[in-house]
Amino acid sequence: MSFEDKTIIVTGGAKGIGAGCAEVFHREHGNVVVLDVDESAGETFCELLGDRAQFIKCDVSREAEVEEAIEQAVAAFGGVDVLVNNAGILQYSKVTDTLEEDWDRILDINLKGAFLCAKHAIPHMIEAGAGIVINMSSVQAFVTQQNVAPYVTSKSALIGLTRSIAVDYAPEIRSVAICPGGVDTPLNRAAFQQSADPDRVRQETIDLHLVERMAQPDDIGELVAFIASEKGSFINGQPIRIDGGMGIKIGGSKKSE
Ligand SMILES: NC(=O)c1ccc[n+]([C@@H]2O[C@H](COP(=O)([O-])OP(=O)(O)OC[C@H]3O[C@@H](n4cnc5c(N)ncnc54)[C@H](O)[C@@H]3O)[C@@H](O)[C@H]2O)c1
């Protein structure tokens, strides 16, 4: 699995799952470009990675910033071979208590951001005759907790975007949606802190997974890199669940029940 001379753009790559993906691609000799709104975390992370890593500040929900960032990445490394649309936010609300501005913000980052990055990266992939767009969906596109209506809508729609890209740009370009269960990241840790009893909610989250743990970011990074590599070249247009067996058991959620 070598990405030597390949360029991988990871959105939201300064922390969490995106950083896990960037680390694996970098370890496998790829040129990694991290797009993120968190300049300080992104700069620090790319300095830690070292050569072949570049941070570009970019809000994926703004087309002008996306277009400029992708041009910068292409200028730095000569192309875009893999786009990982990972940037995303989570906010808790049901349909009846979601403000229009919150709906727009969540959909703009989680869904429109992926569309915009794909829109500006795919022409470079077509020019090169190959490429792959990986969209970070969620297991919540299939099984859904309460109180996350805009998030679930965005993650479900990413599966449609994935299918459209796969159909419209085959055979040169593939697209795959990744659907993680609970991953130990700043996003999840912040979500636990919003509850009255973070430790209990964390344990309840762990208990949803038959493997009795949450994923680490590099669990997801290893799958993303495999799919983007030659070894994954027959995987296309599909949502792939990586969720520790969440939601497949009839009855209690724990392995022991
Ligand atoms: N953590 C989980 O359990 C889990 C499970 C399934 C899917 N996901 C998805 O994986 C992705 C990453 O999640 P995470 O847990 O690593 O989140 P995180 O909050 O830990 O990291 C997300 C990164 O995205 C960046 N970001 C936010 N808005 C942005 C924007 N407008 N433009 C560019 N960058 C932006 C943040 O600065 C941050 O660095 C998200 O799309 C999330 O929905 C997470």
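Below is a short write-up of the structure. On a predicted model such as this, the values are computed, not experimentally measured, just so you know.

This part is about the side chain of serine 229. Structurally, the position occupied by serine 229 is in the loop between helix 8 (217-228) and strand 7 (239-242). Discounting chain neighbours no more than four positions away, the residues touching serine 229 are Met1, Phe3 and Arg174.

Judged by pairing direction, the sheet is parallel, and its seven strands sit side by side in the order 3-2-1-4-5-6-7 without closing on themselves. Since the sheet does not close on itself, it has two edges, and those belong to strand 3 (53-57) and strand 7, each with one partner. Strand-to-strand twist in this sheet, taken as the mean axis angle between neighbours without regard to direction, amounts to 20 degrees. As paired strands, strand 2 (residues 31-36) and strand 3 are joined by five bridges and run parallel to one another. Counted as the bridge partner of valine 33 is glutamine 54 from strand 3. Lying on the sheet, helix 2 (residues 39-49) is in contact with strand 2 and strand 3; it crosses strand 3 at an angle near 170 degrees.

All told, the structure shown has 11 salt bridges when counted by the stated rule. Measuring nitrogen to oxygen at the nearest pair gives 3.8 Å for the salt bridge that ties aspartate 184 to arginine 202. Residue aspartate 184 is located in the loop between strand 6 (173-180) and helix 6 (186-193), and its partner arginine 202 is located in helix 7 (residues 198-207); the two are separated by 18 residues in the primary sequence. Under the relative-accessibility criterion, aspartate 184 is labelled buried at 15%. Given a relative accessible area of 30%, arginine 202 falls into the partly exposed group. For arginine 213, the salt bridge identified is with aspartate 219, shortest N-O distance 2.9 Å. By relative accessible area, which is 41% here, arginine 213 ends up partly exposed. Take aspartate 219: its relative accessible area is 25%, and that puts it in the partly exposed class. Salt bridges here are not isolated pairs; linked through shared partners, they connect Arg27, Glu28 and Glu222.

What counts as what
Residues numbered from 1 in each chain as written. Predicted model: local features only at pLDDT ≥ 70, side-chain atom pairs only at ≥ 80, totals over all residues. Heavy atoms only, no water. Helix = DSSP H or I, 4+ residues; strand = E, 2+ residues; numbered from the N terminus. Contact = heavy atoms within 4.5 Å. Pairing = 2+ DSSP bridges. Axes fitted to C-alpha atoms, helices over the stretch in contact; angles between N-to-C directions. Salt bridge = Lys/Arg side-chain N within 4 Å of Asp/Glu carboxyl O. Buried < 20%, exposed > 50% of the residue type's maximum accessible area, 1.4 Å probe, protein only.

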